[in-house]
Amino acid sequence: MAIEVRDVNKSFGTTPVLRDVSLDVAAGSLTALLGPSGGGKSTLLRVIAGLERPDTGTVRISGVDATRLSPQRRNVGFVFQHYAAFKHLSVFRNVAFGLEIRKRPKDEIRKRVMELLELVHLEKLADRYPSQLSGGQRQRMALARALAVEPQVLLLDEPFGALDAQVRKELRTWLRRLHDEVHVTTVFVTHDQEEAIEVADTIVVLAGGEVVQAGSPGEVYDNPANPFVMRFLGPVTEIGGSLVRPHDVEISPDPVEGGAPAVISRVVRLGFEVRVEVEIGGHEAWVQVTREQADRLGLGPGDTVHVRPAPGARSLALAV
Amino acid sequence: MTAITVRPSSRVAGGTAAGLGTAVLYLSLIVLIPLAAVVWRSADEGPGYFWRSVTTPDAWAALTLTVGASALVALVNLVVGTVIAWVLVRDRFPGRGVLDTIIDLPFALPTIVAGLVLLALYGPQSPLGVNLAYSRAGVVLALLFVTLPFVVRTVQPVLLELDTEMEQAAASLGASPFQTFRRVILPNLIPAMLSGTALAFTRAIAEFGSTVLISGNLPFKTQVAAVNIFSQIEGDNTTGAAAISTVLLVVALVALITLDVLQRWGSRRG
């Protein structure tokens with residue numbers, strides 16, 4: 001295991017932020033800490049980096065107890081949401097910082113920095129200053145800077161949170177590819193479930209300072225541990241007292257076994273998918289169908305249809 | 001991070017021209033014309049007279065004392081002012097607000113009152129048993145008192161704005177607290193430290209009120225340049241007074257330019 005977190009508790013004042021958190025991160029993996037804001041995910045990341053000290057519990061990095069080690073001695077790369085660029089240093093010197101601290105020979109530093117700048121596509125901007133870069137470029141510089149010291153683990157705290165949607169999508173794909181090239185054990189924090197599912201090979205869901213579930217994106221999406229995780233990972237709707245994914249609902253004009261009669265209130269065409277909003281015995285639900293399906297069934301507002309969770313669909317009974 | 005401001009360009013051009021005009025006119029009336037008049041006046045009796053005026057033993061002694069003491073005071077301020085700013089911004093302790101207010105007191109106090117206070121505290125009747133009256137140490141003390149706020153007040157806002165995540169990033173890259181200070185914090189503070197020092201220095205060479213009482217104005221020993229200028233005017237030697245003033249002016253200008261050059265060089269080098 002590259003990172004082993006055991007029974008970590010952490011409070012700020014009287015507010016508990018992490019409660020008995022335990023976590024294993026496999027070497028070479030790309031793990032997402034996913035959860036709502038205030039769920040403790042950033043604090044957990046900072047505890048791993050040594051930027052926060054846990055009240056109780058231990059953190060081991062590559063088998064070594066790092067609980068009492070300062071961040072300086074952990075050899076952990078950290079990327080901040082707001083870049084934390086060294087404003088007074090050029091892009092080159094930013095990336096070289098950790099190597100200069102380690103007093104590596106000048107030639108070696110030059111070679112390594114240029115390699116990294118090529119990796120993050122900033123080789124032409126080596127002499128610029130951070131203020132002359134866009135947000136996406138600054139974050140790539142910060143990533144190169146963190147990678148320069150060949151960290152045992154790379155930690156990213158909402159790395160794309162400050163960027164606009166377009167750049168965020170680009171960088172996601174790029175981070176995934178980068179990880180496949182560099183293979184450094186990586187943990188990133190995000191509150192965006194799509195980002196976690198798309199980029200990570202393991203998702204750890206944190207809420208209320210506790211680990212709620214950990215697993216591959218498929219596992220977490222298909223077998224959510226509780227209604228909270230199910231809601232957090234994707235769209236849900238409520239049919240017959242259970243939570244179901246709207247794409248796992250069957251809709252038919254004729255009565256079916258286990259189906260509930262519903263009245264269509266609205267049909268919204270969203271390009272490739274059609275969102276059918278229905279009313280089942282006084283409460284609202286919705287069903288996601290394809291355009292082809294919608295056209296074939298001729299669905300329109302006011303129609304009475306029958307809906308049921310598709311056979312084999314994952315659903316979670318809601319405690320009443 | 002990206003703030004987009006849209007302004008009609010014609011209005012900007014018009015506004016800039018009017019603003020620039022006002023600034024230049026104001027600067028000319030308040031600063032440039034009076035200064036030019038002093039320089040002009042100092043040359044009234046020719047360069048030989050100018051040179052003799054500034055090199056009379058008492059004038060020269062006053063000038064060297066003033067520049068030397070001011071340089072010393074500026075250096076002390078550079079270090080202590082930065083430390084005080086650091087404590088005010090980074091440390092939490094009871095009475096921090098009071099301390100923060102007290103910093104401005106030397107600036108708010110009429111300098112002659114400052115002189116009185118210092119004389120009462122460090123004069124012949126000192127309750128502390130420290131008598132600095134009529135000594136050069138007294139001059140330095142008075143200058144330290146009145147120049148205290150400059151470095152503190154220029155460094156403080158920069159330190160407040162400084163991104164503490166930069167320091168955390170440096171630590172995670174393996175920098176010790178000292179290396180972080182030296183390589184990350186200091187380079188970001190140096191421009192403010194230098195401009196505060198320049199202000200303190202130029203203020204010190206012009207100081208009159210606070211030094212006049214504690215120094216005793218002994219020519220060749222504790223008389224500062226501003227007091228010497230005053231005594232020249234009293235002796236009806238306005239041209240000589242203007243000559244010494246011009247020297248002070250040049251020293252101040254050189255100091256400001258040097259520190260500005262240092263700043264630019266520093267910010268380029270990092």
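Residues numbered from 1 in each chain as written. Chains lettered and ligands numbered in written order. Predicted model: local features only at pLDDT ≥ 70, side-chain atom pairs only at ≥ 80, totals over all residues.

If you check an unreviewed UniProt entry, chain B appears there as Sulfate transport system permease protein CysT from Microbispora siamensis. According to the UniProt record, the Sequence similarities (unreviewed entry) comment for chain B reads "Belongs to the binding-protein-dependent transport system permease family. CysTW subfamily." (UniProt positions renumbered as here; feature names shortened; annotations may be inferred.)

In the annotation of an unreviewed UniProt entry, chain A is listed under the name Sulfate/thiosulfate import ATP-binding protein CysA and assigned to Microbispora siamensis.

A closer look at the UniProt feature "domain: ABC transporter" (unreviewed entry) in chain A
Mapped onto the present numbering, the UniProt feature "domain: ABC transporter" (unreviewed entry) falls at residues 3-233 of chain A. Regarding residues 3-233 of chain A, the helix share stands at 37% and the strand share at 26%, and the terminal C-alpha atoms are separated by 25 Å. (Helix = DSSP H or I, 4+ residues; strand = E, 2+ residues; numbered from the N terminus.)

Thoughts on the sheet that holds strand E14 (residues 260-270) of chain A
Residues and elements named next belong to chain A. With antiparallel pairing, the five strands of this open sheet are ordered in space as E13-E17-E14-E15-E16. Of all the strands in the sheet, the pair left with one neighbour each is strand E13 (249-252) and strand E16 (283-290). Looking at each pair of strands side by side, their axes are set apart by 45 degrees on average, direction ignored. Summarising the sheet, strand E15 (residues 273-280) and E16 pair through eight bridges and their orientation is antiparallel. In the sheet register, Val-278 faces E16, and the bridge partner there is Ala-285. (Pairing = 2+ DSSP bridges. Axes fitted to C-alpha atoms, helices over the stretch in contact; angles between N-to-C directions.)

Brief notes about the UniProt feature "transmembrane region" (unreviewed entry) in chain B
All names here are of chain B. The residues that UniProt annotates with the feature "transmembrane region" (unreviewed entry) are residues 12-40, 60-89, 101-122, 134-152, 185-206 and 240-262. Its end C-alpha atoms 29 Å apart, residues 134-152 is made of 89% helix and 0% strand. Taken end to end, residues 240-262 is 100% helix and 0% strand, and its two terminal C-alpha atoms sit 33 Å from one another.

Topic: the packing of helix H7 (residues 136-161) of chain B against helix H9 (residues 177-205) of chain B
All names here are of chain B. Orientation of H7 relative to H9, taken along the N-to-C sense of each, is 160 degrees, at an axis distance of 8 Å. Classified by the angle their axes make, H7 and H9 are roughly antiparallel. Crossing hand, H7 versus H9: right-handed. For the pair H7 and H9, the contacting residues are Leu-143, Val-146, Thr-147, Phe-150, Val-151, Thr-154, Val-155, Val-158 and Leu-159 in the first and Asn-188, Leu-189, Ala-192, Met-193, Ser-195, Gly-196, Thr-197, Leu-199, Ala-200, Arg-203 and Ala-204 in the second. (Parallel < 35°, antiparallel > 145°, perpendicular 65-115°, else oblique. Left-handed = near helix turned anticlockwise from the far one by under 90°. Contact = placed C-beta atoms within 7 Å.)

Here's the deal with the sheet that holds strand E11 (residues 237-239) of chain A
All names here are of chain A. Read across the sheet, three strands follow the order E11-E12-E18 without closing on themselves; strand pairing throughout is antiparallel. Where the open sheet ends on each side, the last strands, each with one partner, are E11 and strand E18 (315-317). Pairwise comparison of adjacent strand axes, ignoring direction, gives a mean angle of 35 degrees for this sheet.

Brief notes about the UniProt feature "domain: ABC transmembrane type-1" (unreviewed entry) in chain B
On the UniProt side, "domain: ABC transmembrane type-1" (unreviewed entry) is annotated at positions that read residues 63-259 of chain B here. The distance from the first to the last C-alpha atom of residues 63-259 of chain B is 21 Å, and the span holds 78% helix and 0% strand.

Looking at the interface of chain B and chain A
Across the boundary between the two partners, chain B contributes 18 residues, which contact 21 residues of chain A. When contributions to the side of chain B that touches chain A are tallied by element, the ones reaching two or more residues are helix H8 (164-172) and H9 of chain B. Here the element with the most residues in the side of chain B that touches chain A is H8 of chain B; it accounts for six residues. Here the residues of the side of chain B that touches chain A are counted per class, giving eight nonpolar, eight polar and two charged. (Nonpolar A, V, L, I, M, F, W, Y, C, P; charged D, E, K, R; others polar.)

Looking at the confidence of the model for chain B
Residue and element names in this part refer to chain B. Mean pLDDT over chain B: 88, with 93% of residues reaching 70 or higher. Averaged pLDDT values over the elements of chain B bottom out at 82 in helix H1 (residues 9-42) and peak at 95 in H8. Scored below 50 in pLDDT, residues 5-10 makes one contact in the model with residues more than four places away or belonging to other chains. For this predicted complex, the interface confidence comes out at an ipTM of 0.86, alongside a pTM of 0.82. (pLDDT = per-residue confidence, 0-100.)

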